[in-house]
Amino acid sequence: MYDVVIVGAGLVGASLARALSRSDLELALIEPAPPSPPLDDWDSRIYALSPASQAFLERIGAWEAMDGARLGPVRGMKIAGDLGGALGFSAYDSGVERLATIVESGRVQHALWTLLAGQGNLRRHAPARPVSAQFQPDAVVLTLDDGSALRTRLLVGADGARSWVRETAGIAAKDSSFGQLGVVANFSCERPHHGTAFQWFRDDGILAYLPLPGNRISIVWSTPEANARELLALDPVAFCGRVAAAGSNALGALELLTRAAAFPLESLSTAALIAGRVVLVGDAAHVVHPLAGQGVNLGFGDSEALAAVLSARGPLRDAGDALLLHRYGRRRAEAILAMRVATTGLNRLFSAQIPGLARVRNAGLALTERLPVLKNLLVRHALAN
Ligand SMILES: Cc1cc2nc3c(=O)[nH]c(=O)nc-3n(C[C@H](O)[C@H](O)[C@H](O)COP(=O)(O)OP(=O)(O)OC[C@H]3O[C@@H](n4cnc5c(N)ncnc54)[C@H](O)[C@@H]3O)c2cc1C
């Protein structure tokens, strides 16, 4: 009998497994596509990790396992509205060393996966995926596609936005498409970025330049599907020209390092985080618009909270105990709701074509810029999540 079986070894599931591997719990982790060693090329899937996520990864030993030369500290942030409104943040003014760190998804995933090898209380099943689950009063019995059967006190769904665990446990989810794609690509830039992240709220979407080490940046351009398709069809020179112009040539000419790719942008909310002996974490539990770059930060928050609740339970206590799980649910409810309201609201505010609204949203940015107390509150909130 396992105490905890985690389905999905993405960043959230793997970090949870690592955090729990130091407890007395018996664990299993199931993943159909284990990560391969990263290539030298820069990953076009990157994340802006908050200092809170960094601290969590440090505590579980994953931060040191990554190559420091590939991490991009963000020391400043410049946000521009579509009619000249502007807002700026700096680590220096906020009294912190950095506002965020840009990391490559594949490298974090591989670091976590490698750390999980050889943990005595953890069994990795990979490549494997569950095919059926039986929910009993005192356990969940999972059958995998390799024929093995696992009996566990607690089943954790960390299997992403299309979660099999969520569906099998009957937890209702509401997903809605923003009708946008996130176009991502990496570039070298003519002028140094000095660790500054830029974000432009434009009438054709939201464009972010995120600083990578050296004179490199990664972009995420959240834009209506038709515009995204047009961008993807451009030849590299024309694409670089469009991205540089859309970013007001802030870093001079751009040169493409990795081909552009695109992800559909969706939001997803679930009716509950818990059902009986099943609990959800990460994108299985919530998907938010990437404009604030907070999806994986929110997921690491889930991982950390669930690991804390499970590790602090008494030695004889059942890991699937309803009171324990509800403690996790209560701890996460506010952070998840706050992020959803903020990201969906900002996206609506800047994508709505209502006369006069453009002036209001730009005035809002300019006003926030002139209110140091409010700015400071925003930074503190972003650092802590
Ligand atoms: C364009 C774009 C940009 C983004 N930028 C940022 C950013 O800057 N910062 C940020 O914080 N977030 C960002 N996000 C969000 C971030 O990508 C997600 O929040 C994060 O990857 C969620 O991690 P996860 O481990 O919960 O899920 P996933 O990464 O989806 O991992 C799920 C895992 O489960 C496995 N799996 C799937 N099905 C099964 C199954 N049936 N059985 C077993 N295993 C299964 C998968 O193989 C995978 O390993 C961005 C998203 C997009 C689309």
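Heads up: these notes are all about the structure in this document.

**Brief notes about helix 1 (residues 11-20)**
Right, on to step 1. In terms of residue burial, helix 1 counts as a mostly covered element, since ten of its ten residues are buried.
Right, on to step 2. Taken residue by residue, helix 1 has Leu11, Val12, Gly13, Ala14, Ser15, Leu16, Ala17, Arg18, Ala19 and Leu20 as its buried positions.

**A word on the nonpolar core**
Right, on to step 1. Among the nonpolar cores identified, the biggest contains 70 residues, and Val4, Leu142, Val156 and Leu310 are the most heavily contacted of them.
Right, on to step 2. In terms of residue count, the dominant contributor to this core is helix 8 (residues 295-311) (eight residues).
Right, on to step 3. If we ignore the near neighbours within four places in the chain, the residues touching Leu142 are Val5, Val7, Ile30, Pro130, Ser132, Ala133, Ser148, Ala149, Leu150, Leu155 and Trp164.
Right, on to step 4. Core analysis: the next-biggest nonpolar cluster, separate from the first, contains 23 residues, Leu181, Leu251, Leu254 and Ala260 among them.

**Topic: the environment of Ala158**
Right, on to step 1. Structurally, Ala158 is set in the loop between strand 11 (149-157) and helix 5 (164-168).
Right, on to step 2. C-alpha separation for the pair Ala158 and Ala284, spaced 126 residues apart in sequence, amounts to 5.8 Å.
Right, on to step 3. Contacts of Ala158, omitting those with residues within four sequence positions, involve Ile6, Val7, Gly8, Gly13 and Val281.

**Overview of the environment of Leu11**
Right, on to step 1. One can find Leu11 in helix 1.
Right, on to step 2. Sequence separation between Leu11 and Gly299 is 288 residues, and the spatial gap between their C-alpha atoms is 8.2 Å.
Right, on to step 3. The residues touching Leu11, leaving out its near neighbours within four places in the chain, are Tyr47, Ser105, Val108, Gln109, Leu112, Val296 and Phe300.

**Here's the deal with the packing of aromatic side chains**
Right, on to step 1. In total, this model carries five aromatic pairs according to the counting rule given.
Right, on to step 2. Geometrically, the ring pair formed by Phe198 and Trp200 is stacked, given 5.5 Å between the ring centres and 5 degrees between the ring planes.
Right, on to step 3. Summarising the aromatic geometry, the rings of Phe198 and Tyr209 are spaced 6.2 Å apart at their centres and angled 70 degrees between planes, so their arrangement reads as edge-to-face. Remark: Tyr209 occurs in strand 14 (residues 205-212) and Phe198 occurs in strand 13 (residues 196-202); sequence separation between them is eleven residues. Each member of the pair Phe198 and Tyr209 is classed as buried.

**Description of the pattern of salt bridges**
Right, on to step 1. Enumeration according to the criterion identifies 14 salt bridges in this entry.
Right, on to step 2. As a salt-bridge pair, Glu225 and Arg229 come within 3.4 Å of each other at their nearest N and O atoms. With a gap of four residues between them, Glu225 and Arg229 both fall in helix 6 (residues 225-233), about one helical turn apart.
Right, on to step 3. We classify Glu225 as partly exposed; its relative accessible area is 37%.
Right, on to step 4. In this structure, Asp302 and Arg332 form a salt bridge, with 2.7 Å as the shortest nitrogen-oxygen distance. On the criterion of sequence distance, the pair formed by Asp302 in helix 8 and Arg332 in helix 9 (residues 322-351) is long-range, its members being 30 residues apart.
Right, on to step 5. By relative accessible area, which is 0% here, Asp302 ends up buried.
Right, on to step 6. When salt bridges that share partners are traced, they join Arg70, Glu104 and Arg107 into one network.

**As for the sheet that holds strand 7 (residues 100-104)**
Right, on to step 1. Taken in spatial order, the three strands make up an open sheet running 3-7-4, and their pairing is antiparallel. Two strands bound the open sheet, and with one partner strand each, they are strand 3 (46-49) and strand 4 (72-74). Across this sheet, the average inter-strand angle for adjacent strands is 25 degrees, counted without regard to direction.

**Things to note about helix 7 (residues 236-246)**
Right, on to step 1. Along helix 7, the positions that sit buried rather than exposed are Phe239, Cys240, Val243, Ala244 and Ala246. Buried residues along helix 7 cover an arc of 165 degrees about the axis, so they all sit on one side.
Right, on to step 2. With a side-chain oxygen lying 3.0 Å from the backbone nitrogen of Val237, the N-terminal cap of helix 7 falls on Asp235.
Right, on to step 3. Once helix 7 ends, the next one or two residues include Ser248, with phi positive near 50 degrees.

**Observations regarding the pairing of strand 15 (residues 216-224)**
Right, on to step 1. Buried residues dominate strand 15, accounting for seven of its nine residues.
Right, on to step 2. Here strand 14 runs beside strand 15; their pairing, made up of seven bridges, is antiparallel. Paired with Pro211 across the two strands is Ile217, which belongs to strand 15.
Right, on to step 3. Counting the residues in the hairpin turn of strand 14 and strand 15 gives three residues, including Gly214, whose phi is positive at 70 degrees.

**A word on the packing of helix 1 against helix 8**
Right, on to step 1. Packing of helix 1 against helix 8 leaves a shortest axis separation of 9 Å and a crossing angle of 25 degrees. As summarised for this structure, helix 1 and helix 8 are arranged roughly parallel, according to the angle between their axes. At the point where helix 1 passes helix 8, the crossing takes the right-handed sense. In this structure, helix 1 contributes Leu11, Val12, Ser15, Leu16, Ala19 and Leu20 to the contact, and helix 8 contributes Val296, Gly299, Phe300, Ser303, Leu306, Ala307, Leu310 and Ser311.
Right, on to step 2. Class assignment of the residues belonging to the contact of helix 1 with helix 8 gives a composition of ten nonpolar, four polar and no charged.

Conventions used here
Residues numbered from 1 in each chain as written. Predicted model: local features only at pLDDT ≥ 70, side-chain atom pairs only at ≥ 80, totals over all residues. Heavy atoms only, no water. Buried < 20%, exposed > 50% of the residue type's maximum accessible area, 1.4 Å probe, protein only. Helix = DSSP H or I, 4+ residues; strand = E, 2+ residues; numbered from the N terminus. Core = buried A, V, L, I, M, F, W, Y, C linked by side-chain atoms within 4.5 Å. Contact = heavy atoms within 4.5 Å. Phe/Tyr/Trp six-rings, centres within 6.5 Å; stacked < 30°, edge-to-face > 60°. Salt bridge = Lys/Arg side-chain N within 4 Å of Asp/Glu carboxyl O. Pairing = 2+ DSSP bridges. Axes fitted to C-alpha atoms, helices over the stretch in contact; angles between N-to-C directions. Arc of directions from axis to C-beta. Polar contact = N/O pair within 3.5 Å; in protein donor to acceptor, adjacent residues only side chain to side chain. Parallel < 35°, antiparallel > 145°, perpendicular 65-115°, else oblique. Left-handed = near helix turned anticlockwise from the far one by under 90°. Nonpolar A, V, L, I, M, F, W, Y, C, P; charged D, E, K, R; others polar.

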